[in-house]
Amino acid sequence: MRNLKLVHSVCVVGLDDIAGTQCVTVDCDTGTVYCVTSDRITGLDPKTQQVLHSVSLIENAYVSMDGTGQIVGIQYLPDQMSVCIATAQGDVILWNTTNNELECVGSVDSGLCSMCWSPDQEVVVLATGQATLIMMTRDFEPVTEVPIYSDEFGEAQFVTVGWGKKETQFHGSEGKQAATKKQERAGPALPWDNRRPRVSWRGDGQYFVVSSVRPDTGTRELRVWSRECVLQSTSENVNGLEQALFWKPSGSLIASTQRKPNKHDVVFFEKNGLRHGEFTLPFEKDEVKVVELMWNTESTILAVWCEELPPANNKQEEFHPRSYVQLWVVNNYHWYLKQSLQFGADGTENLVAMTWDPEHANCLHTVTAEGRYTQYTWSWFTDCSHGQEDDANVAVIDGATVLMTPFRTMVVPPPMSAYSLQLPCAVNQVVFAPPPHSNYLAVVLVDGQVAVYTFEKDSVEMDETVRLCAAGGIGFKAVCTLPRLEMFYSIIFEDTSISAAKFPLWAYHLTWVSNQCIVFTMLDTKGSRCILCQAELRNAEGQSGKLVVINTSDVEGSVFGICVNPRSGHVAVQLTDGTVLRYDPDSNIMLPWELLDGRELVFPQPCVSMQGCDIGGQEVVLGLTQRFRFYVNDVEVASNCTSFAVHDEFLLLTTHAHTCRCISLSTKVKDLPNLSDGKAHPFDESIRRVERGSRIVTVVPNDTKLVLQMPRGNLEVIHPRALVLSAVRKLLDCLEYKQAFTLMRRHRINMNLIYDHNPQVFLKNVETFVRQIEEVNHINLFLTDLQEEDVTVTMYTAAYCRDQPADNSEDKTKKVDSVCDMVRQALEKQDTGRYILSILTAYVKKSIPELDIALQRVKALKAQPQTNMVSAEEALKYLLFLVDVNELYDVALGTYDFELVLMVAEKSQKDPKEYLPFLNNLRKLETNYQRFTIDKYLKRYDRALEHISKCGPEHFSECLILIRDHLLYPKALKLYAMHSQEYKDISVAYGQYLTDKKQHEEAGLIYSKAGEHELALNAFEQAGNWRQVFIMSSRLGYGDERIGIIARRLVGSLKGKRRHLEAACVSEQYAQDVEEAIVVLIEGCQWEEALRMMYKYKRTDFIESDFKTALLENCDMQMSNLESDRKQFEQYKTRLVVVREDKERQRLDLIEGIGNYNEADADLFSDTSSATGETGMSSKLSQRSTAYSKSSGRSSRNRKKSERKKWSLKEGSPYEDIALLETLSKTITQIDQLKDDVSPLLKMLVLFNYETQAADLQKRYESFLQFIQKSLPVIWDNSNDHIGAAKPSMGPDSTVNSIVMARQHGERATPDVQIEPSLGIPPSLSKDKSWKLSTLEI
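Residues numbered from 1 in each chain as written. Predicted model: local features only at pLDDT ≥ 70, side-chain atom pairs only at ≥ 80, totals over all residues. Heavy atoms only, no water.

**Q** Looking at this model, I keep getting lost on the packing of helix α12 (residues 872-882) against helix α14 (residues 898-907). Mind explaining?
**A** Between two packed helices, what matters for the description is the angle formed by their axes and the separation of those axes. Where α12 contacts α14, the axes come no closer than 11 Å and their chain directions differ by 70 degrees. As far as their axial angle goes, α14 and α12 are roughly perpendicular. The two elements α12 and α14 cross, and the hand of that crossing is right-handed. On α14, the residues touching Glu873, Leu876, Lys877 and Leu880 of α12 are Met903, Val904 and Lys907. (Axes fitted to C-alpha atoms, helices over the stretch in contact; angles between N-to-C directions. Helix = DSSP H or I, 4+ residues; strand = E, 2+ residues; numbered from the N terminus. Parallel < 35°, antiparallel > 145°, perpendicular 65-115°, else oblique. Left-handed = near helix turned anticlockwise from the far one by under 90°. Contact = heavy atoms within 4.5 Å.)

**Q** Explanation requested: the pairing of strand β54 (residues 659-664) in the structure shown.
**A** In regular strands, side chains alternate between the two faces of the sheet. With 6 of its 6 residues buried, β54 lies for the most part within the structure. Of the two faces of β54, the one carrying Thr659, Arg661 and Ile663 and the one carrying Cys660, Cys662 and Ser664 are both buried. Taken together, the 5 bridges between strand β53 (residues 650-655) and β54 define a ladder with antiparallel strand orientation. If you follow Leu653 over to β54, its bridge partner there is Arg661. (Buried < 20%, exposed > 50% of the residue type's maximum accessible area, 1.4 Å probe, protein only. Pairing = 2+ DSSP bridges.)

**Q** How do you make sense of α12 when you look at a structure like this?
**A** In an α-helix, one turn spans 3.6 residues, which is why side chains three or four residues apart end up on the same side. Within the span of α12, buried status applies to Ala872, Ala875, Leu876, Tyr878, Leu879 and Leu880. Along its buried surface, α12 packs onto α7 (776-784), α10 (836-845), α11 (851-863), α13 (885-894) and α14.

**Q** It is not clear to me how the pairing of strand β2 (residues 23-26) should be interpreted in this structure. Could you clarify?
**A** Side chains Cys23 and Thr25 of β2 all project onto a buried face; the interleaved residues Val24 and Val26 project onto the opposite face, where all are buried too. Inspection of the sheet shows β2 paired to strand β3 (residues 33-36) by 4 bridges, in the antiparallel sense. Each bridged residue has a counterpart across the sheet, and for Cys23 the counterpart in β3 is Val36. Counting the residues between successive antiparallel strands, the hairpin from β2 to β3 contains 6 residues, one of them, Gly31, with a positive phi of roughly 85 degrees.

**Q** Looking at this structure, I do not really get the packing of aromatic side chains. What am I missing?
**A** When we look at a pair of aromatic rings, we describe it by the centre distance and by the angle of the planes. A full pass over the atoms with the stated rule returns 34 aromatic pairs. Aromatic pair Phe493 and Trp506: ring centres 6.5 Å apart, planes at 35 degrees, arrangement tilted. Residue Phe493 is found in strand β39 (residues 483-493), and its partner Trp506 is found in the loop between β39 and β40 (508-512); the two are separated by 13 residues along the sequence. By relative accessible area, which is 16% here, Phe493 ends up buried. Between Phe956 and Tyr976 the ring centres are 5.8 Å apart and the planes differ by 85 degrees, which places this aromatic pair in the edge-to-face class. Taken together, the residues span a long stretch of sequence, with Phe956 in helix α18 (residues 956-966) and Tyr976 in the loop between α19 (969-975) and α20 (981-996) at a distance of 20 residues. By the burial criterion, Phe956 is buried, and Tyr976 matches it. Just above the ring of Trp593 sits the side chain of Arg582; from NZ or CZ to the centre is 3.8 Å. (Phe/Tyr/Trp six-rings, centres within 6.5 Å; stacked < 30°, edge-to-face > 60°. Lys NZ or Arg CZ within 6 Å of the ring centre and 35° of its normal.)

**Q** Is there a simple way to think about α14 in this case?
**A** Those residues of α14 that sit buried are Phe898, Leu900, Val901, Met903, Val904 and Ala905. Of the surrounding secondary structure, the elements contacted by the buried residues of α14 are α11, α12, α13, α15 (912-924) and α16 (927-937).

**Q** Teacher, can you tell me more about the sheet that holds strand β56 (residues 695-699) here?
**A** Strand-to-strand pairing in sheets goes through backbone hydrogen bonds, with the strands running parallel or antiparallel. The strand order across the open sheet built from 3 strands is β56-β57-β58, with neighbouring strands paired in antiparallel fashion. Of all the strands in the sheet, the pair left with one neighbour each is β56 and β58 (715-718). Shown here is a sheet whose adjacent strand axes are inclined to one another by a mean of 30 degrees, direction ignored. Of the pairings in the sheet, the one linking strand β57 (residues 706-709) to β58 comprises 4 bridges and is antiparallel in character. Note on β58: the bridge partner recorded for Gln709 is Leu715.

**Q** I would appreciate a short explanation of the pattern of salt bridges in the present structure.
**A** When their charged atoms lie close together, side chains carrying opposite charge are able to pair. One pass over the full model with this rule turns up 59 salt bridges. Here Arg202 ties to Asp204 by a salt bridge, and the two come within 2.7 Å at their closest N and O atoms. (Salt bridge = Lys/Arg side-chain N within 4 Å of Asp/Glu carboxyl O.)

Pasting the structure below:
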């Protein structure tokens, strides 16, 4: 639905050297245009409007001196920097543009009719006057010569296999009469046909086609030849085939024209010579002849050059024909006439030469008979309205028709439309008015008039120029607002001294800037100066008005584009060098567009599409170049942007990555991301995959619709999530719950957003919510969708930018319960009977479902039925839909209400033979035992214990079994008196259980409370609680000898647990063995306590025999350990740096696409993945989720153990860096804790005059600590940031929200390895220096 918009034109007038041009060619490197007339060749520079070269053909006798020489072909050869020219006399001339020399490189005596070079310029084909084809190389060496005409079809002749007769074959829609229809015989060529052969190459240079007139029949036909000049095929007989010929550069279609009795068609042929479609030219019978057909280099535009034929009754001696150039494009199998150029009828302004630019696809060069050169450059543009409350109209030009579609009310795929505007002549441009009348439009016609259409909602009569299509109405009623033709306006100048160069499309860049003001650009009469004109709409009496030019401004350069900011009304004018100017229509002043930092705005490259808007509170100009670079002011935002549009709150882009991106307009310009890097950005609120080649047509203001057009032409309407969420937020802020709910339901937005958007406001307006929603099913949908998570920080974090739940929200764990309770209360206030199903849903949906209360409500409904309420049976069916029938049966049974149980059981699939005997047996039991049996059946063992405890001593054995089987010891002890036998039996069983679980301390306490002191003593002894052991011994009345035996056992046990102080205390006080106590203290390095006990008991002999020796041995051991630990620490630190460098290099290689993805290194690349970069992701996730599901059954301890096995210190292992980090962290912690051992050791060494050893130990230890302190920044650098981040898991424990969060933050989940967050933080070193001795620092 795009139109061609003229963005730049160049006009050169008054050049006699190019008057009467016959052929034209372009040097794509310099832009020089070479024109050849009957007597000379001229090189023209359109930029400077100067003639660069000119050489006469008469002086060298290449053409006749009378000026009747004819040129049959011209081609610029960039490799040779020469122009190749072929004359009708038979000469092939090469003009070297560097030295201005002419050289005849070949001559044909019979003359030449045509010359055509291959696209790669390696081969040239010449058609001679003897009806032969000569093929030559680029060095003009002959390759072959073959006759044009042949009776053979060619190598691709169709093969008849002889299956059936023509009468029995299927003929499609033509019917059986096609079998008897005789093939129409082609007539001779038309009188105005010059009967010369035409040659055209296919884009790849492998084939060329020749259109020629057979000498025997006089008919024109096509022949396709290979690059080796071998005939491939001959076209079918086509009556009225004309001389125009062009092979589509990128395709298999050959274009020509055919004159039929009542119409004039452009027809297409395939390579095999068969017809393949056509379209009709908008001319009357015998009105024009087609001179040339030309495709542009991209094969997107077909230019048709027509020339007016003299009327049949013309008796004038001289006829001045008009020339027409029409630009046609095809989309969705429909041909649109997008631009029409009409050249004058004065005999001198008719078109004589035309060609497309070989480099710029949409640039057309034309030369008139008078010698006026004009260059036109078009770009693709979607003409749509830009108001906030308009109908989102889009206009499509199709000749003299403008196809209109209001996308706010309907979506009509092209080539259809809601309605069309029928104009008297062809349309070249459509311009929409600015707000508030943004539905109004001005249509620029080929004759220079401007038709203005307005919209009036109260208008009843349909304008005669408006034709309602089937999509725009039902029967006789229109379903959309139709425009009304206000008036035709003619452009006039208030200042008569001003005049413009009146060439086709002389007024372009028409832009409607205010209610009555339109600006446009034009060139002066010499074509050397660009003028910006400000015109005013003035209505006149009658049917025509005046578009009066009231102000003009000279522009230093050429205008490339004009746009208006629909909000501020400011006009931006872009020049061809990218400079942007700000034009003020009120003062008619044009100044540079200044940015906030004072710089003048200059686009790095000229932008063919422009639009003004506000981003981040700053007025900006958006620009999109022809090479898909998108700029906001001079900041490049994307290098692969194909289209863009501005919504109320978002900037929308489509990219070559087949995505649609939405960027909030509240983003600061400096923060705009570079979207070319493929990453997800915090300001990029929505990334959506779209079909390949999709482009934006329009976005409906104040709505969520985004209309895209596919390459083949069909439309697709999408609702980007960012636009939907924005609309939902607005509706929720306005308390429009009904509209918000409908929108969320349509687009599958999580219903939790209704509450999470603003919890306090929702809770205050629950009754409003219920009144608006009204439908029971909709309320049920809302309740069943409730979850404990806050979707504003999980699923829709980009739309809310909340890092944590809002301060005014309730506790996360109480969200579902509070909402269910509030909604239920509001429903009960409204109408309990009507909303009984929603009330039941509120009970069921709570975090702990209140199914028993729900069943009681159903039972009450059955007891008191009402006519206007849901029946109890229907309510129970609905409850069974929400809850599993077996679960509901168990809940009913748990109420001990057998009537309720039967009611549920009847609706279940249970066999009555099974549950009726069971219920009957229960009825016979005593109440407490009955409830015990039910609770035990339902596995509610706590309640079962309460009931069995009330059944008396005869059921205590059964109670004890229940306690042992289900570990109900603490509960059971509370149900029995402390001094009862039952309490004692339960305590003994509990103590035995704790003993089996190795919880000896608790077992001893339980035994002690029950009075089982012997068992308590054994339990405390196994627990190592020596104080309780001797307390129990005292309570049991043990003698000193037995106590001594127990004490010696305890000493050995405590020594094994490295509790040397306690072992020495027991040995001294209870075993009465002082020597053993001293030895134990020395073994445990308790130097001061051992020394105290030696002097207390006067056993100083141990000082020389044991104490000093152990002191020195411990000092040597500490120094040796410090040395080995430091060596290992340095080795691991160095290795860690190397490993990180290797992995960073691998990460960069992966980004650049030269590395291989390794599953084990997934955590290293988490910050390189993006929301759109899913390459290889799905297969990896499936493999890893399978692996995770296999290991999910492991216990937490075993899982951690298996993970640590992966953290191998072996060089090259996947998680070597994590293993090194963990080892270094443990080493640092151990060395820091060594202060408690080093400090007392240093004191004893000094005390016994070992200052040298003490100083050496202190120095080494302090040096190690300082080295560790300096190493912390190296070990814990920025590369550890990803370790502390929470990693979402894949597999059975994952949720959709957790996966969405991971993808939004650009992370890859790594479920197979869970790294402790503490590894990402360096261990804290104690700053206490009291362990040092200052006497040793001298």
